[in-house]
Amino acid sequence: MRVLVIGGGTMGSTHANAHRRMVDVELVGIVDPYEKGKALASQLEVPHFAFVDEIDATAFDVVDVCVPTFLHRRYVEWAANLGKHVFCEKPIALTVEDAMAMVEACERNGVRMSVGHCVRFFPEYLAARQAILRNYIGHVAVARLFRGGSHPRPTTWNDWYASENLSGGVMMDLMIHDFDFLRWVFGPVKRVYAKSIRGEANRIGLALVTLRFENGTIAHVEGSWAHQGFGTRYEFAGSEGILAHDSSLARPLVVQTNESQGGSQAVHVPGAPTSKNPYQLELEDFIRNLREDRDFRVTPNDAIEALRISLAAIQSSVSGQPVDISPMPISPMDIPPMDSSDERRTSR
Amino acid sequence: MTKVAILSVAHMHAHGYCGALQAIQGVEITGVYDDNVERAQTFAEQRGINSFHNMDELINRSDAVIICSENANHLSYIERAARLGKPVLCEKPLSSDVESGLKILEVVQASRIPFYMALPIRFVPSVQQARMAVQNGSIGRVLSMCGTNHGSVPGGWFVEKELSGGGAVADHVPHVVDIMRWILGQDVTTVYAEISSGDFSPVIDDSAILTMSWSDGTFSTMDPSWSRKQGIYPEWGDVFLEVVGTKGVVTVDAHAQKIDAFTNQAPNHRYLSYGENADLNLVSEFVACIREGRKSEILASAEDGMHALRVAAAAYESAKTGRATSMMVTSS
């Protein structure tokens, strides 16, 4: 399977390195007009292309779209129209309209797409989901999730994260991970309430989002670009018990150099170099299920539903009122109107 | 000798306050009274103090009273203490509903007795230090706050709405709202609440997530859920607070100072606290104010208690209507 990676930034680099490690996959090139992309291609010893029209369409089978969100639609449509299956980074797009167009382009061309909701491949999240689905802790009353660190550095291309027009801000770019995961565990979301800090001069973004699921679970999700370091936490409080995890406490390997040797702080080594990281696992899921014609773990519909939660959170954070959402069929012809609310509140 | 009486021991915190009184030099517990005579007698025996059948007689013999009755009965005990002109330390919440809470305010204001809410989190050293850090500008302007005060289902009158006024929301919202308000120095303007019941308590609200807007534009969330089942979790509950500002973040774990204990008695993993006794700090301040005839700069007032009560009421209203509820709705 020959893969072309579009975008040589942080995610492009992560994906490209994963493809290089995968068996039965050949990384045939990196498309990126900037120095960073060129350097990545050179480092990985693969061909570099400044633009997509420089590569022959017969030279690759599959496209991996790793450009900033506002460019996802352009490159997914391009790939689909060439008859190539496509993996697209998250969020699928900035608008449902764009996402639906991307799905429609794939359907029209008979190609398949998966989206990079990688938290579904992080082992600590898989372990929690498994325990919950096995009824380890009963019905989950309240889930609390945290994902946060400092704002992505200005060295990313054009500092695109800092522009909400280009990235969607913290509720879309960062928290969509937890929205997708929670939906995967608890099912459809009924309504969303959110507050957020945006546009602070100090590059701070933070949102506190409350989700109510159709199954009664309440989730409190905190996404932050206002903290130092990066970490994730969760707690699921159920009728029969509690699951909790804090990434800052799970440190299998710490390497410490004595002060006398010039070291100052212990360095926590995040993962053994030979183990597969979640980004590789999600790409393997994509490639394997393409080959075997089976369902991806993350479908385009999953990606659209996660996007709808993010959009509802953004809407709520502006209106100051909750936003009701209900599942949408994939066909663009059949979209029910978004009601602001009628049928209300039982405690579940 | 400062003489303090305990009026009603319906709330289990009476044990903590009694223990504190017994630890303070120069304090005598005149006795305990409870409408529930048996409950008073049992408590008196356990703590080695006198039980009284005549409430007025007990109050008259004392310099001050601590009230630990069911929420709905706060008003009647406060009225008695006020009539006899004695200072009051009252368990939270102020009352079981806004209407009786307002009556309490009237009684307190008319009688001019010193009146304080027993909100011990104000007396946890890390919380006091967090407040100082925020108020001296170390994290810049406050943008958001996120707090938890988890607990276990208390049972008994706590789950009877006529006596408690509500479940986890009524029980725990006062603590966190008071601390946030004390740190921020602003009032809550709007409340949105998702409230559930049936996971830990079949009959009354047991879990919730509240979102609050404050008068300076800050927003916060809080989690008052009774989600720690007895015998399962290492401790009864917790108090966490995170304050995010323009220049940094303050995080407080009010019960961080604890050791892990593993035994073969459920819960097999338990936390043993070695932190300072906040109840003792609170009661000491109350006693000192009585002795010195001064007003406390730290203890929460009846107005503070009323504000917190209105936040809980707004939360219940929000859950009923499905809308973010203005605090104006709860002002009468």
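A short tour of the structure in this document, coming up. (Residues numbered from 1 in each chain as written. Chains lettered and ligands numbered in written order. Predicted model: local features only at pLDDT ≥ 70, side-chain atom pairs only at ≥ 80, totals over all residues. Heavy atoms only, no water.)

1. Here's the deal with the sheet that holds strand 5 (residues 85-88) of chain A
Residues and elements named next belong to chain A.
Move 1: Ordered by their spatial adjacency, six strands build an open sheet running 3-2-1-4-5-6, and the pairing between neighbours is parallel. The open sheet is flanked by strand 3 (48-49) and strand 6 (113-115), the only strands paired with a single partner.
Move 2: One ladder, built from five bridges, connects strand 1 (residues 2-6) with strand 2 (residues 26-31); its direction is parallel. Looking across to strand 2, one finds that V3 is bridged to L27. (Pairing = 2+ DSSP bridges. Helix = DSSP H or I, 4+ residues; strand = E, 2+ residues; numbered from the N terminus.)

2. Thoughts on unusual backbone geometry
Move 1: At the junction of K90(A) and P91(A), the peptide bond is cis and its omega measures out at -10° in the coordinates.
Move 2: Inspection of the secondary structure assignment puts P91(A) in the loop between strand 5 and helix 4 (96-109).
Move 3: Residue P267(B) follows A266(B) across a cis peptide bond; omega there is -10°.
Move 4: Looking at where P267(B) falls in the secondary structure, it is placed in the loop between strand 12 (258-262) and strand 13 (269-273).
Move 5: Backbone geometry places N135(A), a non-glycine residue, at a positive phi of 65°.

3. Quick look at the pairing of strand 4 (residues 62-65) of chain A
Move 1: Alternating positions in strand 4 of chain A separate into two faces, V62(A) and D64(A) on one and V63(A) and V65(A) on the other, with burial throughout.
Move 2: Read as a crossover between parallel neighbours, the route from strand 4 of chain A over helix 3 (residues 72-81) of chain A to strand 5 of chain A is right-handed. (Buried < 20%, exposed > 50% of the residue type's maximum accessible area, 1.4 Å probe, protein only. Right-handed = clockwise from strand over helix to strand, strands pointing away.)

4. Comments concerning the pattern of salt bridges
Move 1: One pass over the full model with this rule turns up 32 salt bridges over all chains.
Move 2: Between E194(B) and R191(A) there is a salt bridge, with the nearest N and O atoms lying 2.8 Å from each other. Taken together, the residues span two chains, with E194(B) in strand 7 (residues 188-197) and R191(A) in strand 8 (residues 189-197).
Move 3: According to the relative accessible area criterion, E194(B) is buried, its value standing at 1%.
Move 4: Residue class for R191(A) comes out buried when judged on its relative accessible area of 2%.
Move 5: Across the salt bridge formed by R212(A) and E194(B), the nearest N and O atoms sit 2.7 Å from each other. Placement of R212(A) in strand 9 (residues 206-213) and of E194(B) in strand 7 is noted, with the two residues assigned to different chains.
Move 6: Salt bridges here are not isolated pairs; linked through shared partners, they connect R122(B), D178(B), R181(B), D187(B) and D304(B). (Salt bridge = Lys/Arg side-chain N within 4 Å of Asp/Glu carboxyl O.)

5. Observations concerning the nonpolar core
Move 1: Counting residues in hydrophobic clusters, the biggest one holds 77 residues, and the most contacted among them are M113(A), L182(A), V209(A), L211(A) and F236(A).
Move 2: Among the elements that line this core, the one with the most residues is helix 10 (residues 300-319) of chain A, at eight residues.
Move 3: Among residues more than four places away in sequence, those in contact with V209(A) are M171(A), M175(A), F179(A), V192(A), Y193(A), A194(A), A219(A), H220(A), V221(A) and A313(A).
Move 4: Core analysis: the second largest hydrophobic core is formed by 68 residues, V9(B), C18(B), C68(B) and M180(B) among them. (Core = buried A, V, L, I, M, F, W, Y, C linked by side-chain atoms within 4.5 Å. Contact = heavy atoms within 4.5 Å.)

6. A word on the layout of surface pockets
Residues and elements named next belong to chain B.
Move 1: Taken as a whole, the second largest pocket holds about 1,200 Å³ of empty space.
Move 2: Residue lining of the second largest pocket: 39 residues in total, with H13, P120, W236, H255 and D279 positioned closest to the centre.
Move 3: For the lining of the second largest pocket, the secondary structure elements donating two or more residues are helix 6 (125-135), helix 8 (168-184), strand 13 and helix 9 (278-292).
Move 4: Of the residues belonging to the lining of the second largest pocket, the class tally is 16 nonpolar, 16 polar and seven charged. (1 Å grid on protein atoms, 1.4 Å probe; cavity = no way out; pocket = protein on both sides within 12 Å on 5 of 7 lines; lining within 4 Å. Points joined across faces, edges and corners; volume = space filled by probe spheres on them. Nonpolar A, V, L, I, M, F, W, Y, C, P; charged D, E, K, R; others polar.)

7. Here's the deal with the sheet that holds strand 8 (residues 205-214) of chain B
Residues and elements named next belong to chain B.
Move 1: The seven strands lie next to each other as 11-10-6-9-8-7-14, forming an open sheet whose pairing is mixed. Edge positions in the sheet fall to strand 11 (249-253) and strand 14 (325-326), since each of these pairs with one other strand and no more.
Move 2: Sheet topology note: the strand 10 (residues 240-245)/strand 11 ladder contains five bridges and is antiparallel. Bridge assignment links F240 to a residue of strand 11, and that residue is D253.
Move 3: Against the sheet, helix 6 makes contact with strand 6 (142-148), strand 10 and strand 11, and its axis sits at roughly 170° relative to strand 11, the strand it touches most. (Axes fitted to C-alpha atoms, helices over the stretch in contact; angles between N-to-C directions.)

8. Quick look at the packing of helix 3 of chain A against helix 4 of chain A
Residue and element names in this part refer to chain A.
Move 1: Axis separation between helix 3 and helix 4 bottoms out at 9 Å; the angle between their running directions is 5°. By the angle between their directions, the pair helix 3 and helix 4 is classed as roughly parallel. Note on element contacts: helix 4 touches helix 3 through D98, A101, M102, A105, C106, R108 and N109, opposite H72, R73, V76, E77, A80 and N81.
Move 2: For the contact of helix 3 with helix 4, the per-class residue count stands at six nonpolar, three polar and four charged. (Parallel < 35°, antiparallel > 145°, perpendicular 65-115°, else oblique.)

On their own, these measurements won't tell you what the molecule is for.
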